[in-house]
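# Fold and geometry: a report
Take a look at the letters that make up each chain.
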There are 2 protein chains.
Amino acid sequence: MSEKKHIFNAKHVAIIGLGLIGGSVARGIYRAGFRGELVGAVENEADVKRALTLGLVDACHTDIASAVGQADLIVVAVPPAALAEVLAQIAAHAPRDAIITDTGSSKQSVVALAQAHLADRLAYFVPGHPIAGTENQGLDAGFNTLFDGRRVILTPSQDTAASALDCVVGLWKELGASVIEMDAAHHDDVLAATSHLPHVLAYTLVDTLAALSERQEIFAFAAGGFADFTRIASSDARLWRDIVVANRGPVLDVLDTYIERLARIRSAIADDDHDTIDGVFGRAKAARDEYGADRRESAS
Amino acid sequence: MSEKKHIFNAKHVAIIGLGLIGGSVARGIYRAGFRGELVGAVENEADVKRALTLGLVDACHTDIASAVGQADLIVVAVPPAALAEVLAQIAAHAPRDAIITDTGSSKQSVVALAQAHLADRLAYFVPGHPIAGTENQGLDAGFNTLFDGRRVILTPSQDTAASALDCVVGLWKELGASVIEMDAAHHDDVLAATSHLPHVLAYTLVDTLAALSERQEIFAFAAGGFADFTRIASSDARLWRDIVVANRGPVLDVLDTYIERLARIRSAIADDDHDTIDGVFGRAKAARDEYGADRRESAS
Ligand SMILES: NC(=O)c1ccc[n+]([C@@H]2O[C@H](COP(=O)([O-])OP(=O)(O)OC[C@H]3O[C@@H](n4cnc5c(N)ncnc54)[C@H](OP(=O)(O)O)[C@@H]3O)[C@@H](O)[C@H]2O)c1
Ligand SMILES: NC(=O)c1ccc[n+]([C@@H]2O[C@H](COP(=O)([O-])OP(=O)(O)OC[C@H]3O[C@@H](n4cnc5c(N)ncnc54)[C@H](OP(=O)(O)O)[C@@H]3O)[C@@H](O)[C@H]2O)c1
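All values reported here derive from a predicted model rather than from experimental measurement. (Residues numbered from 1 in each chain as written. Chains lettered and ligands numbered in written order. Predicted model: local features only at pLDDT ≥ 70, side-chain atom pairs only at ≥ 80, totals over all residues. Heavy atoms only, no water.)

The backbone of Asp272 of chain A shows a phi angle near 55 degrees, a positive value even though the residue is not glycine. Locating Asp272 of chain A in the fold gives a position in the loop between helix 12 (248-270) and helix 13 (274-291). (Helix = DSSP H or I, 4+ residues; strand = E, 2+ residues; numbered from the N terminus.)

In structure tokens, the structure reads:
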């Protein structure tokens with residue numbers, strides 16, 4: 001009880017973007033028993049109406065200024081392309097001691113934007129990334145259990161105030177997640193490998209098959225393994241282009257390693273080199289069996 | 001009723017290999033109400049006992065001769081590497097008019113083996129491939145609903161007797177599947193694209209990540225999308241090596257196309273070429289959303 005009070009010391013919480021991630025934060029905050037005022041901001045008027053109909057927030061705006069004017073805590077959950085403008089608006093209109101966090105899938109790019117737009121508020125900015133999600137987008141996509149049992153990575157820097165970090169850690173715990181801290185560069189390497197690269201591979205596979213002359217038949221005969229393998233290719237294409245571009249360096253590094261290894265397995269298949277194939281397939285199966293928790297949701 | 005009698009005109013059915021596929025055929029045959037004798041063959045003595053304990057068959061042997069001596073219908077469901085020897089044994093010991101079918105994941109390689117070993121019985125050999133499966137193997141892996149609502153591809157040739165084809169079509173229908181006929185080369189192209197290539201990509205991805213220095217952390221932070229994407233890398237490594245090698249030509253063709261397209265998207269990411277990235281990701285999402293039935297099982 002007293003812990004809950006501590007975490008929601010914030011009386012005014014603003015969520016910028018009420019799609020899958022922001023909408024799930026909003027639903028989760030209510031589930032946790034928050035009693036302050038929850039204000040949202042979205043891009044379109046239609047979504048303001050929808051947000052209120054769904055009861056996601058107490059009030060909703062299309063201008064950031066109105067949403068953040070009173071905020072103690074601001075959660076930014078907009079697509080990467082909108083982030084610069086949103087941070088600039090927050091800098092112009094939020095109280096000077098408002099704590100600000102984001103949910104973006106790459107962190108060095110976000111830190112760079114924060115340095116540009118929140119230069120005099122860096123102590124109150126806590127970069128974050130919930131490792132949770134689905135392939136759906138928009139206001140109807142969220143749900144209040146999205147973060148249950150999931151991890152959230154925060155990448156605070158030397159500049160980050162302990163009180164701001166505590167507040168954001170508390171928020172995610174209330175939402176059911178556990179919090180890990182690491183530096184932004186490390187986050188970007190890990191996520192490039194586990195999330196961004198798989199998305200690039202899956203999109204490229206489906207596009208490759210769609211271009212084959214047997215297109216129609218190929219998809220008709222695609223069995224369950226294919227459906228699982230390509231589910232992430234149903235994710236929002238624009239969002240993922242932005243994620244991949246925002247995390248270009250780490251993505252290219254791991255993609256190059258992958259391309260090299262794919263060339264090697266290609267030669268092994270051509271040369272009937274069983275040892276090499278067995279090595280790759282066998283090590284992969286062992287690693288997958290060892291580490292592979294069989295969760296169903298996809299995440300960026 | 002009378003249809004059931006027609007299909008199970010066979011009084012003696014032999015299943016060679018009682019793993020995921022053969023074991024599911026056995027379970028499905030009993031579920032369908034078969035009243036003849038079902039005989040199995042496996043490789044190891046321990047599996048003979050296990051097969052009888054599980055009640056998969058009425059009798060079980062490690063020598064093919066004993067299993068097929070009386071058979072009207074023989075279903076071969078052994079790993080690709082065992083197929084040549086099994087077909088040779090069948091040729092030596094089965095009644096001359098026994099109908100023979102297989103379940104192998106590539107078909108031109110099977111047809112070549114049949115031409116070598118069943119030369120004077122080609123009329124009674126019906127190459128087949130159920131598009132159903134999971135990433136598990138062995139006698140305990142099968143279940144009697146594995147083929148419900150799934151497709152089975154048969155690749156009969158000019159040589160195939162209509163009566164043999166009818167019998168095998170009837171078998172799969174009794175097992176709950178629908179049957180499609182196509183030629184073996186076409187089957188191999190389609191399956192290389194939808195099944196064999198995704199397995200190569202998934203194994204290579206997991207092996208690539210397992211070799212990175214952040215290995216431990218990478219798998220710890222791999223979220224649901226990654227688990228889905230790599231589930232097929234839990235499939236039996238030896239089986240999949242054999243499948244990929246057996247279908248080498250079609251696999252290399254589609255793998256080369258994929259590698260070419262992956263190089264293209266790599267350049268697009270490096271060059272910040274949004275149009276190309278949007279093209280690939282967007283076309284892929286559209287195709288996946290159009291065709292992508294969200295089945296859960298994986299299949300070879
Ligand atoms: N999807 C995932 O699995 C996942 C997982 C972890 C992190 N993330 C990250 O979380 C962030 C949000 O992703 P999402 O999946 O929640 O996206 P989403 O479902 O598309 O939602 C985006 C929301 O942002 C709003 N928005 C866009 N531009 C805006 C602007 N200029 N001002 C105010 N609101 C604006 C949109 O409003 P309208 O509806 O009016 O357009 C929408 O409500 C992204 O940075 C993403 O990388 C995503
Ligand atoms: N797995 C899939 O998803 C899938 C899908 C469609 C088609 N297929 C194809 O179906 C076939 C069987 O695959 P599976 O997944 O069922 O394999 P599995 O679970 O490993 O079962 C193989 C079975 O064959 C037996 N066997 C091996 N060598 C033998 C021999 N020389 N004589 C007699 N029995 C022998 C094994 O006996 P022991 O247990 O005693 O070793 C085992 O019972 C393969 O050709 C595969 O390509 C597989």
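Residue and element names in this part refer to chain A. Tracing the backbone through its elements, the reader meets Gly28 in helix 2 (residues 20-31). Judged by relative accessible area, which is 1%, Gly28 ranks as buried. The spatial distance from the C-alpha of Gly28 to the C-alpha of Arg261 is 42 Å, given a sequence separation of 233 residues. Those residues in contact with Gly28 that lie beyond four places of it in its chain are Asn144 and Leu175. (Buried < 20%, exposed > 50% of the residue type's maximum accessible area, 1.4 Å probe, protein only. Contact = heavy atoms within 4.5 Å.)

As recorded in UniProt, the sites labelled "transmembrane region" (unreviewed entry) are residues 12-30 of chain A. Taken end to end, residues 12-30 of chain A has its terminal C-alpha atoms 13 Å apart, with 58% of it in helix and 26% in strand. (UniProt positions renumbered as here; feature names shortened; annotations may be inferred.)

Moving on: the sheet that holds strand 8 (residues 151-154) of chain A. Residue and element names in this part refer to chain A. Across the sheet, which stays open at both edges, the three strands sit in the order 7-8-9 with mixed pairing between neighbours. Two strands in the sheet have a free side with no partner beyond their single neighbour: strand 7 (128-131) and strand 9 (178-181). Here the strands of the sheet are splayed against their neighbours by 25 degrees on average, with no regard to which way each runs. As judged from the four bridges shared by strand 8 and strand 9, these two strands associate in the parallel manner. Each bridged residue has a counterpart across the sheet, and for Ile153 the counterpart in strand 9 is Ile180. Contacting strand 7, strand 8 and strand 9, helix 7 (residues 162-174) runs over the sheet at an angle of about 165 degrees to strand 8. (Pairing = 2+ DSSP bridges. Axes fitted to C-alpha atoms, helices over the stretch in contact; angles between N-to-C directions.)

With that settled, the discussion passes to the domain arrangement of chain A. The parts lose accessible area when they come together, and the size of an interface is often stated as this lost area. Residue and element names in this part refer to chain A. Under the domain assignment, chain A is made up of domain 1 (2-182) and domain 2 (187-291). Between the C-alpha centres of domain 1 and domain 2 the distance comes to 32 Å. Listed per partner, the contact involves 15 residues of domain 1 and 15 residues of domain 2. Here domain 1 meets domain 2 over a buried area of about 1200 Å², counting both sides, of which 66% is carbon and sulfur. Looking at the side of domain 1 facing domain 2, the largest losses of area belong to Pro80, Ser105 and Glu135, adding up to 37% of the total buried there. (Domains from an automatic or database assignment. Buried area = accessible area lost by both parts, 1.4 Å probe.)

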